[in-house]
Amino acid sequence: MSIETISIIVLFVSFIGLLAYGVPVAYAIGISTTITLVLNIAFLPATTTASQRMTTGIDNFALLAIPFFILAGEIMNRGGIAKRLIDFAKSLIGSLPGGLAYVNIIAAMLFGAISGSAIAAASAIGSTLTDKMEKEGYPREFSAAVNISSSTTGLLIPPSNVLIIFALASGGTASVAALFIAGYLPGLLVGLVIMLMVYIYAKRKKLPKAPRVGYKQLFLDFKNALLSLTLLIIVVGGIVAGVFTATEAAAIAVVYAMLLGFWNKELKVGDFKPILLKSARTTAIVMFLISTSMAMSWLFSFEGIPQLLTSTLLDSFENPIVIFLLINLTLLIIGTFMDMTPAILIFTPIFLPVAMALGMHPVQFGMIIVLNLCIGVCTPPVGTLLFVGSGVAKVSVTKVIKPLLPLLGAMVLVLFLITYFPEISLWLPRVFGLID
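Residues numbered from 1 in each chain as written. Predicted model: local features only at pLDDT ≥ 70, side-chain atom pairs only at ≥ 80, totals over all residues. Heavy atoms only, no water.

Novice: Report on the overall build of the chain, specifying residues and quantitative values.
Specialist: When helices and strands are counted, the chain shows 21 helices and zero strands. Taking 22 Å as the expected radius of gyration for a compact globule of 436 residues, we find that the chain reaches 22 Å, a close match to that expectation. Dimensions along the principal axes, computed over C-alpha positions, put the chain at roughly 75 × 50 × 45 Å. Contacts spanning at least 24 positions in sequence make up 79% of the contacts within the chain whose residues lie at least 6 apart. Carbon and sulfur atoms provide 69% of the accessible area of the chain, an area that totals close to 18400 Å². With 25 positive and 18 negative side-chain charges, the chain shows a spacing of 17 Å between the two charge centroids. (Helix = DSSP H or I, 4+ residues; strand = E, 2+ residues; numbered from the N terminus. Rg over C-alpha atoms; globule rule 2.2 N^0.38 Å. Contact = heavy atoms within 4.5 Å. Areas by Shrake-Rupley, 256 points an atom, 1.4 Å probe, with all protein chains shown as cover. Lys, Arg positive; Asp, Glu negative; His and termini not counted. Charge placed at Lys NZ, Arg CZ, Asp CG, Glu CD.)

Novice: Describe in detail the environment of Val431, supporting the description with residues and values.
Specialist: Note that Val431 resides in helix α21 (residues 423–431). Along the backbone, Val431 and Thr49 are 382 residues apart, and their C-alpha atoms lie at a distance of 44 Å.

Novice: Just give me the short version of the pattern of salt bridges, but keep the residues and values in it.
Specialist: Following the criterion strictly, the structure yields four salt bridges and no others. In this structure, Glu266 and Arg84 form a salt bridge, with 2.7 Å as the shortest nitrogen-oxygen distance. Taken as a pair, Glu266 in the loop between α13 (246–263) and α14 (272–303) and Arg84 in helix α5 (residues 81–93) lie far apart in primary sequence, 182 residues in all. Under the relative-accessibility criterion, Arg84 is labelled buried at 17%. (Salt bridge = Lys/Arg side-chain N within 4 Å of Asp/Glu carboxyl O. Buried < 20%, exposed > 50% of the residue type's maximum accessible area, 1.4 Å probe, protein only.)

Now the structure itself:
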């Protein structure tokens, strides 16, 4: 057995073993990477190499967008944006059977798209709507399930931090602008299929509907939400038009969200201390995950794992449909026990060469890996969004699983649609001239 094979075995066994023992993901990645490097070179060079790769991994201008978007999301969360979006969604669609569930979905899509954070969307929308839905006769576990699943749309609909991370992990083969535009149709599809499942549930359970509002109230709620929605147009439109980069757009989002919060009179100077502290903590966690993941990603390249996997899959299976199915199943499993950021950084360099060898565009693969991991954040044992959504709704995770399963099944359906119908992901980027 060659030293390369032994290294690969040690890497995966140590990583999985550390995770099973309860070691945080970032530490598990860093420790297993360093242990594997020790097998190839001496202890001191191994630790030096790991440290260098962690440092150079986050020495990237594009990554500055992440702390800015995190800060913008925190400001929006406190600045009353969620309430205005909920009121607009309620006026727009609340009169349908099960109307408040649709309101949850649309508001989560809008807030997630504006803030770029699924957790921020789940927290803001869930804390506002869950009690209202319970008073109208909706089971709390059903409300939590709808909130959890619909909040993932903000990871596909731009601006999205994970799409920026995928652009970095793809080595420049997929631009941020193309990924941002590509995310609209998959994100909207996920929202629509969740609405379809809610419609079936609402009809079966005879869920209530809110009174129909007049055009005057609809216009008023739209006007109140318009400034919030304008942020989405400014950020995404500016990036696609080439007016500014994703990092500059993120900085503009911070300034705009701050001005909007003061304009709405729901943000005070005293709010900035907790906002900045929470943003700093979140940024530190994300950046540490990125740094260790980039070190492991470099190790994969050093050991030749992507090339080995590509040749093995292409030699073992002739049918691309089967290979894409295996990739999806692998990513779905990975998503259940690993956070999105390290999963994207570690497994994009492994599976992207396989996909490209079979003729798949990197932008399409970006949508596939992100949606796979969106499903993963809704499932145990790691399931960050599952635990946040359940906590906000004040209901146990075990009770949420049952109503959540059909919604996740609908998301899997969209996953296979975007896997085998490339134009769902590629049509809009082609229209805008962002890809050939």
